[in-house]
Amino acid sequence: MDERVRRFEQLVVPHLGAAFNLARWLTRNDQDAQDIVQDSSLRALRFLDGLRGEDARPWLLGIVRNTTWTWLQANRPAELTAREEDGEPQIPAPSSDEPEASAIRRADTRLLNEAISALPPPLREVIVLRELEDLAYREIALIADIPIGTVMSRLARARRLLSQSVKVIEAAADRQAIR
């Protein structure tokens, strides 16, 4: 086996799940995310010599992020004009959960997923990288090519909007349940 392919399999392949997760949250479509991850993987293999050190995760997610933004500009430019200010992953339930608790967990997950999906792409990007992929602010700044202060500002806005969105969605669900 070629040394380059071996290095790719060792350093990059373990992070393809995180790559798909980021692409899916940014595009909000599984098929588009798969295409983007495939394209990003080919780019990662092509530019593997540019990887310094052994931490390929931020490097790969940076490639995925850039590939996704380029794809969105070409295929969904209207989504990118939104201002910054403005198949779902499941949380596994413990096996001892009662049916009611499982139903509440699924509803909460759906509610949070809807709120994240409603965020503008720049805010969605940082919240996914921080809260779902558990990256450090410094890593997010490198991936998104923005200052750490901008990462912190976007996270604060994203969290505030998520909180507001969840409240609005809950209120709408309560009104619907009353009817």
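Structural notes, computed from the coordinates. For clarity, every value in this text was computed on a predicted model and none was experimentally measured. (Residues numbered from 1 in each chain as written. Predicted model: local features only at pLDDT ≥ 70, side-chain atom pairs only at ≥ 80, totals over all residues. Heavy atoms only, no water.)

## Some remarks on the packing of helix 7 (residues 121-132) against helix 8 (residues 137-144)
Packed helix pairs are specified by the crossing angle of their axes together with the interaxial distance, meaning the distance between the axes. The interhelical angle for the contact between helix 7 and helix 8, taken along N-to-C directions, is 140 degrees, at an axis separation of 10 Å. The orientation of helix 7 relative to helix 8 falls into the category oblique. Helix-helix and strand crossings are classified by hand; for helix 7 and helix 8 the assignment is right-handed. Side by side, helix 7 and helix 8 meet where Glu 125, Val 126, Leu 129 and Arg 130 of the first sit next to Tyr 137, Ile 140, Ile 143 and Ala 144 of the second. Here the contact of helix 7 with helix 8 is composed, by residue class, of six nonpolar, no polar and two charged. (Axes fitted to C-alpha atoms, helices over the stretch in contact; angles between N-to-C directions. Helix = DSSP H or I, 4+ residues; strand = E, 2+ residues; numbered from the N terminus. Parallel < 35°, antiparallel > 145°, perpendicular 65-115°, else oblique. Left-handed = near helix turned anticlockwise from the far one by under 90°. Contact = heavy atoms within 4.5 Å. Nonpolar A, V, L, I, M, F, W, Y, C, P; charged D, E, K, R; others polar.)

## Comments concerning helix 9 (residues 148-178)
Compared with an ideal rise of 1.5 Å per residue, which puts 31 residues at 45 Å, helix 9 spans 45 Å between its outermost C-alpha atoms and is within 8% of the ideal. Along helix 9, the residues that are buried comprise Val 151, Arg 154, Leu 155, Arg 157, Ala 158, Leu 161, Leu 162, Ser 165 and Val 166. (Expected span 1.5 Å × (residues − 1). Buried < 20%, exposed > 50% of the residue type's maximum accessible area, 1.4 Å probe, protein only.)

## Quick look at the pattern of salt bridges
Summed over all chains, the structure comprises nine salt bridges. With a closest N to O distance of 3.7 Å, Arg 130 and Asp 134 form a salt bridge. According to the relative accessible area criterion, Arg 130 is partly exposed, its value standing at 24%. Taking the relative accessible area as the measure of exposure, Asp 134 reaches 58% and is therefore exposed. (Salt bridge = Lys/Arg side-chain N within 4 Å of Asp/Glu carboxyl O.)

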